[in-house]
Amino acid sequence: VGYGEIALIVATPPAGGSFAVAPTNGVALDTVFKLEASAQWTADDLPLTYEFSYQAIPPAELTSPLDEAKLTQNPISARTYETNMIPTGEGEGNLLRAVCYIISSVGASTRVVQDIVVIGMDSSNQGAAVGQMGSILTEQSDTGDPAEVMVAIQGIGSTLGAMAKEETRRRRRRRAMAWISASML
């Protein structure tokens, strides 16, 4: 018969701060959004690092990390991240969920979110919109940073998907209006 004992110390996640995005409304791949974790975040295990991401289709449950697309590929030491690589919000009313993870030096983390509205690029001139996306991709590839190129591809892909959905909705409305007009004759 033996006896054993293990004492575990559980790291507490960072607490005491907030997360904000400015502006709270913008245009996909155009508006520069500033995502910022406040300086009030603290933890027993410093220093803190930060990860920023988004959910183009925000789940109903605020705590769900499903379908998050990373803006920062690895944790960064800066509390602020500025980018125009945010795609069209695909939630109700173009809602998109911005996400920030505040991470202690031992990996304990806190996830905070803010919902923002991101409308699509002007798709009435699709050629111009696609050209603008090509320019964005070229600009990002010129940085030489593969992580920035991946973020651009992610944002462009998501925005193209939203544009395709909007075009499908427009076509359905036109067909419905044509059918109604024809049935009234």
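Structure: above.
Just so you know, these numbers come straight off a predicted model, no measurement behind them.

1. Details of the packing of helix H1 (residues 126-142) against helix H2 (residues 146-184)
Then, number 1: Close contact between H1 and H2 brings their axes to 9 Å; oriented N to C, the two are set at 170°. If you check the angle between H1 and H2, you find them roughly antiparallel. Taken together, the residues of H2 that come into contact with H1 (itself represented by Gln 126, Ala 129, Val 130, Met 133, Ile 136, Leu 137, Gln 140 and Ser 141) are Glu 148, Val 149, Ala 152, Ile 153, Ile 156, Thr 159, Leu 160, Met 163 and Glu 167.
Then, number 2: Of the residues contributing to the contact of H1 with H2, the split by class is eleven nonpolar, four polar and two charged.

2. Comments concerning the sheet that holds strand S2 (residues 25-27)
Then, number 1: Pairing is mixed in the open sheet, where five strands are placed in the order S2-S8-S7-S4-S5. Of all strands in the sheet, those with a lone pairing partner are S2 and strand S5 (69-70), marking the two edges.

3. Quick look at the pattern of salt bridges
Then, number 1: What the rule picks out here adds up to five salt bridges.
Then, number 2: Across the salt bridge formed by Glu 36 and Lys 34, the nearest N and O atoms sit 3.9 Å from each other.
Then, number 3: Here Glu 36 falls in the partly exposed class, since its relative accessible area comes to 28%.
Then, number 4: Bridged by salt links that share partners, the residues Lys 34, Glu 36 and Arg 79 form one connected network.

4. Structural notes on the sheet that holds strand S6 (residues 80-83)
Then, number 1: Across the sheet, which stays open at both edges, the three strands sit in the order S1-S3-S6 with antiparallel pairing between neighbours. Each of the sheet's edge strands pairs with one partner strand only, and the pair in question is strand S1 (19-22) and S6. For this sheet, the mean angle separating the axes of adjacent strands, direction not counted, is 15°.
Then, number 2: Here S1 runs beside strand S3 (residues 33-37); their pairing, made up of four bridges, is antiparallel. Within S3, the position partnered with Val 21 by the bridge is Leu 35.

5. Here's the deal with the pairing of strand S8 (residues 109-119)
Then, number 1: Residue alternation in S8 divides its side chains into a buried set, Thr 110, Val 112, Gln 114, Ile 116 and Val 118, and an unburied set, Ser 109, Arg 111, Val 113, Asp 115, Val 117 and Ile 119.
Then, number 2: The pairing of strand S7 (residues 95-103) with S8 spans nine bridges and is classified as antiparallel. For Val 99, the partnering residue across the bridge sits in S8 and is Val 113.
Then, number 3: The turn joining S7 and S8, which pair antiparallel and follow one another in sequence, is formed by five residues; a positive phi near 95° is taken by Gly 107.

The rules behind these values
Residues numbered from 1 in each chain as written. Predicted model: local features only at pLDDT ≥ 70, side-chain atom pairs only at ≥ 80, totals over all residues. Heavy atoms only, no water. Axes fitted to C-alpha atoms, helices over the stretch in contact; angles between N-to-C directions. Helix = DSSP H or I, 4+ residues; strand = E, 2+ residues; numbered from the N terminus. Parallel < 35°, antiparallel > 145°, perpendicular 65-115°, else oblique. Contact = heavy atoms within 4.5 Å. Nonpolar A, V, L, I, M, F, W, Y, C, P; charged D, E, K, R; others polar. Pairing = 2+ DSSP bridges. Salt bridge = Lys/Arg side-chain N within 4 Å of Asp/Glu carboxyl O. Buried < 20%, exposed > 50% of the residue type's maximum accessible area, 1.4 Å probe, protein only.

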